[in-house]
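So the chains spell out like this:
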Amino acid sequence: MRVLLTGGSGFIAAHTLDVLLKHGHSVVTTVRTQEKANKIKEAYPDTPKDKLDFALVEDIAQPGAFDKAVISEPPFEAVLHTASPFHFNVTDVQKQLLDPAIIGTTGILKSIKASAPSVKRVVITSSFAAIVDGPKGLRPGYTYSEADWNPITHEEALKDPSSGYRGSKTFAEKAAWEFVEKEKPNFTITTMNPPLVLGPIVHYLNSLDALNTSNQRIRDVTLGKFKEEIPETGVFLWVDVRDLALAHVKAAEQEDAANKRFFVVADYFSNKGIVEAVRKNFPEYKDQLPGPDVPGGTRPEEIYKFDNSQSKSILGLQFRSFDEAITDTVKSLKAVGA
Ligand code: NDP
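Remember, predicted model here, so these are calculated numbers, not experimental data.

Asks: Please explain the layout of surface pockets as it appears in this structure.
Replies: Using a probe with the size of a water molecule, rolled over the atoms, empty space left in the structure can be pinpointed. Estimated volume of the second largest pocket: approximately 160 Å³. Surrounding the second largest pocket, Asp133, Pro135, Asn150, Pro151, Ile152, Glu156, Lys159, Ser163 and Arg166 form its lining. Looking at the lining of the second largest pocket, its residues break down into three nonpolar, two polar and four charged.

Here it is, written out as structure tokens:
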């Protein structure tokens, strides 16, 4: 397949690119700067331009941002849209989180409909944030699945950056499904709804200071930041980035994944669990780690359940273990100086 992958410099996209190339697909990935394109290219020195190429899209919040990127020769058959801001370092929730997420998503769908009629499948990286009903708390006895939608309102999303992020994912995904319903384009969409994504970083794009948001807690463990008190976990479900990357690619490859959301979840986790996995596998960090009696970071015993059966039955996913994810992430952090 000829595939357009947005946000190729991102944590999840870097692994998705890897899977796409391993599956023999030909990929154009969008990045914000030529410098980022060069770094990705350097990681694939033997991959020819017809297998891996780049398009510059500086800001997905600009109307028409993808108008040029969706046009290619040979034409695209699939689009994987992962680009969206995932950080909490914002002063203007509307401009920095909501606009790029929502306009970025509707923008690429409009561009595909207008200029890329060969595209049959679009996979969009949404989130558990678009599923979970935060104010309902731990909801013991309740089972979250693809049937659930976060009921957050625009006004609530504007309250603070973390509500803003959850709103950005919810509104962007809703806008995508509405677009398909109203515009009846020539393509189908599939959304990926992962919870916290952990796993190795790719060395060519990262440093310890500029680390993707979801891995920061693992870095913080190795830097000794949890030594006195382990922070509360906040989110209790996780998935390995490599399994999520495979899910994106399978969703583009498989017809039976069309028109579906996928709640791609491996299992529960806790910050204390990260500490214990590092303790078990990396004795060299023992002075950075909290003692076994340091409080905090545990997972509540009474908590919602999750239904990941569709990801297993349709996409055939087999989820990596937490131990493997933490071990490989720490090794990758060591490679950039942890
Ligand atoms: P990253 O921050 O590593 O990647 C985000 C990507 O989006 C980067 O390539 C970034 O480019 C690009 N991007 C952000 N804003 C803009 C913009 N205005 N214009 C152009 N490009 C932009 O995060 P992840 O890989 O973790 O996230 C990827 C997707 O997965 C997001 O949609 C996120 O919401 C979703 N997700 C992530 C989870 C996680 O735990 N990691 C959990 C659930 C969903 P640049 O680096 O150049 O700024």
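Asks: Help me out: how do you make sense of the environment of Ser214 in this one?
Replies: Of note, Ser214 is situated in the loop between β8 (196-198) and α6 (216-222). With 24 residues separating them in the primary sequence, Ser214 and Trp238 have C-alpha atoms 9.8 Å apart. Only 3.0 Å separates the side chain of Ser214 from the side chain of Asn212, close enough to count as a polar contact.

Asks: Sorry if this is basic, but what is going on with the sheet that holds β8 here?
Replies: As a general point, the strands of a sheet are linked pairwise by backbone hydrogen bonds and lie either parallel or antiparallel. Ordered in space as β8-β9-β11, the three strands form an open sheet in which the pairing is mixed. Edge positions in the open sheet fall to β8 and β11 (267-268), since each of these has one partner strand only. Strand contacts of helix α7 (residues 241-253): β8 and β9 (237-240), with the helix running at about 70° to β9, the strand carrying the most contacts.

Asks: Would you take a moment to explain empty space enclosed by the protein for this structure?
Replies: One pass over the full model with this rule turns up one cavity of 30 Å³ or more. Space inside the largest cavity adds up to approximately 60 Å³. Those elements giving two or more residues to the lining of the largest cavity turn out to be α3 (93-115), β5 (121-125) and α5 (161-183). Take the lining of the largest cavity: its biggest share by element is three residues, from α5. Of the residues assigned to the lining of the largest cavity, the class counts are four nonpolar, six polar and two charged.

Basis of the calculations
- Residues numbered from 1 in each chain as written.
- Predicted model: local features only at pLDDT ≥ 70, side-chain atom pairs only at ≥ 80, totals over all residues.
- Heavy atoms only, no water.
- 1 Å grid on protein atoms, 1.4 Å probe; cavity = no way out; pocket = protein on both sides within 12 Å on 5 of 7 lines; lining within 4 Å.
- Points joined across faces, edges and corners; volume = space filled by probe spheres on them.
- Nonpolar A, V, L, I, M, F, W, Y, C, P; charged D, E, K, R; others polar.
- Helix = DSSP H or I, 4+ residues; strand = E, 2+ residues; numbered from the N terminus.
- Polar contact = N/O pair within 3.5 Å; in protein donor to acceptor, adjacent residues only side chain to side chain.
- Pairing = 2+ DSSP bridges.
- Contact = heavy atoms within 4.5 Å.
- Axes fitted to C-alpha atoms, helices over the stretch in contact; angles between N-to-C directions.

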